[in-house]
Amino acid sequence: MKLGEKQVLTVVKRVEFGVYLGSSEERVLLPKKQVPAGIEPGDPVEVFLYKDSDDRLIATTKEPKLTLGKLAVLDVVDTNRMGAFLDWGLEKDLFLPFKQQTTKVQKGDQCLVTLYIDKSERLCATMKVYHMLQTDSPYKKDDRVRGIIYDTSENFGVFVAVDNLYSARIPKKDVNGRLKVGDVIEARVAAVKEDGKLDLSIRDKIPEQMDKDAVKILKRIEGYGGKLPFTDKADPERIQQEFGMSKAAFKRAVGRLLKERKIDIQTNGISLK
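Quick notes on the rules
All residue numbers here refer to positions counted from 1 along the written sequence of the relevant chain. Given that the model is predicted, a residue must reach a pLDDT of at least 70 before its local features are reported, and side-chain atom pairs must reach 80 or more before they are shown or counted; all residues, however, enter totals for whole chains, interfaces and linings. For the side-chain quantities, the full set of heavy atoms in the structure was used; hydrogens and water were omitted. Think of it this way: any DSSP run of H or I at least four residues long counts as a helix, any run of E at least two long counts as a strand, and we number them from the N terminus. Restricting the calculation to C-alpha atoms gives the radius of gyration, and the globule rule supplies 2.2 Å times the number of residues raised to the power 0.38. Contact definition: two residues touch when any of their heavy atoms are within 4.5 Å. Residue exposure ignores everything except the shown protein chains as possible cover, and the areas themselves are Shrake-Rupley values with a 1.4 Å probe. Under the counting rule used here, the positive set is Lys and Arg, the negative set is Asp and Glu, and His together with the chain ends is not counted. Note on charges: their place is set at NZ of Lys, CZ of Arg, CG of Asp or CD of Glu. Joining through side-chain atoms within 4.5 Å is the link that ties buried Ala, Val, Leu, Ile, Met, Phe, Trp, Tyr and Cys residues into a set, and such a set is a nonpolar core. The classification of residues rests on relative accessible area computed with a 1.4 Å probe and restricted to protein chains. Under 20% of the type maximum is buried, over 50% is exposed, and intermediate values are partly exposed. Criterion used throughout: strands pair if DSSP finds at least two bridges between them. Lines fitted to C-alpha atoms define the axes, with helix axes restricted to the stretch in contact, and inter-axis angles between N-to-C directions lie between 0 and 180 degrees. We call Phe, Tyr and Trp rings a pair once their centres come within 6.5 Å, taking the six-membered ring for Trp, and we label the pair stacked below 30 degrees between planes, edge-to-face above 60, and tilted otherwise.

**Q** Quick rundown of the overall build of the chain? Include the residues and the values.
**A** The helix and strand tally for the chain stands at three helices and 18 strands. Relative to the 2.2 N^0.38 estimate, which gives 19 Å for 273 residues, the radius of gyration of the chain is 26 Å and therefore markedly larger than a compact globule would have. Oriented by its inertia axes, the alpha-carbon framework of the chain measures out at about 85 × 40 × 35 Å. A separation threshold of at least 6 residues defines the contact pool for the chain, and within that pool the share at least 24 residues apart is 54%. Accessible area for the chain stands at about 15,400 Å²; split by element, carbon and sulfur atoms hold 48% of it. Across the chain, the 49 positively charged side chains and the 42 negatively charged ones have centroids separated by 6 Å.

**Q** Which residues make up the nonpolar core, and what values do they have?
**A** Formed by 36 residues in total, the largest nonpolar core has its most connected members in Leu86, Trp88, Val160 and Leu200. Residues in contact with Val160, not counting those within four places in the same chain, are Leu133, Gly147, Ile148, Ile149, Tyr150, Tyr166, Ser167, Ala168, Arg169, Ile170, Ile185 and Leu200. One finds Leu218, Ala234, Ala249 and Ile263 within the second-largest nonpolar core, a separate group that totals 17 residues.

**Q** So what's going on with the sheet that holds strand 18 (residues 269-272)? Residues and values would help.
**A** An order of 16-18-17 is seen for the three strands of this open sheet, with the pairing classed as antiparallel. Whereas interior strands pair on both sides, the edge strands pair on one side only; in this sheet they are strand 16 (227-228) and strand 17 (263-266). One ladder, built from two bridges, connects strand 16 with strand 18; its direction is antiparallel. Counterpart to Lys227 in the pairing with strand 18 is Ser271. Where helix 3 (residues 247-259) meets the sheet, its contacts fall on strand 16, strand 17 and strand 18, and the angle it forms with strand 17 comes to roughly 120°.

**Q** Can you lay out the packing of aromatic side chains for me, pointing to particular residues and giving the numbers?
**A** Inspection of the entire model under this criterion finds 11 aromatic pairs. Summarising the aromatic geometry, the rings of Phe17 and Tyr20 are spaced 6.4 Å apart at their centres and angled 85° between planes, so their arrangement reads as edge-to-face. On the accessibility criterion, Phe17 (47% relative accessible area) is partly exposed. Relative accessible area serves as the criterion here: at 22%, Tyr20 is assigned to the partly exposed category. Ring-pair connections join several aromatic residues into one group, and the members of that group are Phe48, Tyr50 and Trp88.

Read these as spatial facts, not as claims about activity.
Below you can see the structure in the form of structure tokens.
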């Protein structure tokens, strides 16, 4: 009997509260409300095996949202000091220990997880899914993709599971804006690495992105009453905070606006013409 997996077992005995599945040496209960109509001893039935609230092995004919060796995005339905509980389609919620969270999750969040069996032989969830992601995606440079952020790193950037399946990353130098674990993003494939992993960018290619950045800068100058209180020589942190873009991208867009004679640059700011 395989914990955490779907399998076909044989009915060996009917009882008042359900049927037992398995063999004379090893058996598991399928509760009465889960028993298909008309089933008899000797009949096969497909079930999923997990532990009930008393840590007893139990069978269910319900379809779990996640099985061993797979990945799924699940909703957080509750938390306590030990961790979080996820809705995986079964009566007993799936436990996500605090130590298995890549960021602290709250009720209402979504997270990408996989299953593992802990030291007490119980099924638990983990957000540490890097090793589970595939590197054989069908995507190529400049393709548009969609994925969920499952981890972040101050040194390496933001880690994304494209299609909840393929390994990808937004490099640190390209991380703009407030991206957090659980966010579903759309991005452009900036590069396909030799090992098959994807580098992503949430910004368009430079010509298209410059147009968008220029519009954003003009709107922000208008919001300041016609004059931005700093120039393209400002600290990168200030530019990032104001516009969610790098200093290099800001300088490119300002240069375009200057060339188009839409702005003037003074020593203490940038104003509309």
